[in-house]
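# Summary of structural features
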Amino acid sequence: LLENVRGFYGSKMLASWYRCLSENGYTWKEFLLNPVQFGIPNTRTRYYMICERSNRFRQFSNTENDAHNNTMRTLPFQVIPPSTGNNTGTTAGVITDLSPLSQPPPTPLSLSHFVSKSLSKEELQRYLVPDEVLSQPWASQLSIVTPKDSITYCFTAAY
């Protein structure tokens, strides 16, 4: 299993990786997946590749261009949305059925389902972003979210 940033998809390094895999008898399947597809309120698409020394993924891993056309942007099976059974947090979505997807992905839950509601003011202080950080020129790119928000973004998108 390979996981990387979305920018790895289509890169020269990935082209080299395709060649290396092919020369060594591997086949692969690629995915561009986002936590929002699993009910997790974070928009950060990641690149995944499953590799195996077999012919199982041969139909997906022909040439570099064909592989790009076959990259999946959703999972071909059902996922249980994150659990909201308690107030202490949640568990990530899990695969339950390998049959084709018959319904849309779960709606992302609000952040309140993922953060502890029992933090004291002192405990909360350690999670606050200091003013000297917020006064930096790049800080305007940070998104401010509240427990009611159901979408967050990765602030490292520019690195």
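Residues numbered from 1 in each chain as written. Predicted model: local features only at pLDDT ≥ 70, side-chain atom pairs only at ≥ 80, totals over all residues. Heavy atoms only, no water.

### Quick notes on helix α1 (residues 12-23)
Look at α1: 17 Å from first C-alpha to last across twelve residues, which is about the 16 Å you get at 1.5 Å a residue. Along α1, the positions that sit buried rather than exposed are Leu14, Ala15, Tyr18 and Leu21. Each buried residue of α1 sits inside an arc of 125° when the element is viewed along its axis, so together they form one side. Along α1, exposed side chains directed more than 90 degrees from the buried face belong to Lys12, Met13 and Glu23. Immediately downstream of α1, the backbone of Gly25 shows phi near 80°, a positive value. (Helix = DSSP H or I, 4+ residues; strand = E, 2+ residues; numbered from the N terminus. Expected span 1.5 Å × (residues − 1). Buried < 20%, exposed > 50% of the residue type's maximum accessible area, 1.4 Å probe, protein only. Arc of directions from axis to C-beta.)

### Remarks on the nonpolar core
With nine residues, the main nonpolar core is built from Phe8, Tyr9, Leu14, Tyr18, Leu21, Trp28, Leu32, Tyr47 and Met49. Elements supplying a minimum of two residues to this core: α1, β2 (27-33) and β3 (46-52). With three residues, the single largest contributor to this core is α1. (Core = buried A, V, L, I, M, F, W, Y, C linked by side-chain atoms within 4.5 Å.)

### Considering the pattern of salt bridges
As enumerated under the stated definition, the model contains two salt bridges in all. Across the salt bridge formed by Arg46 and Glu3, the nearest N and O atoms sit 2.4 Å from each other. With a gap of 43 residues between them, Arg46 in strand β3 and Glu3 in strand β1 (residues 2-5) connect regions that are remote in the sequence. Judged by its relative accessible area of 16%, Arg46 falls in the buried class. For Glu52, the salt bridge identified is with Arg56, shortest N-O distance 3.0 Å. Take Arg56: its relative accessible area is 56%, and that puts it in the exposed class. (Salt bridge = Lys/Arg side-chain N within 4 Å of Asp/Glu carboxyl O.)

### Re the confidence of the model for the protein chain
In the predicted model, the protein chain carries a mean pLDDT of 75, and the fraction of residues at 70 or more is 68%. Looking over the protein chain, one finds the lowest element-wise mean pLDDT in strand β5 (residues 94-97), namely 42, and the highest in α1, namely 93. Here residues 78-82 is modelled with pLDDT under 50, and outside its nearest four sequence neighbours on either side it reaches 27 contacts, counting other chains as well. (pLDDT = per-residue confidence, 0-100. Contact = heavy atoms within 4.5 Å.)

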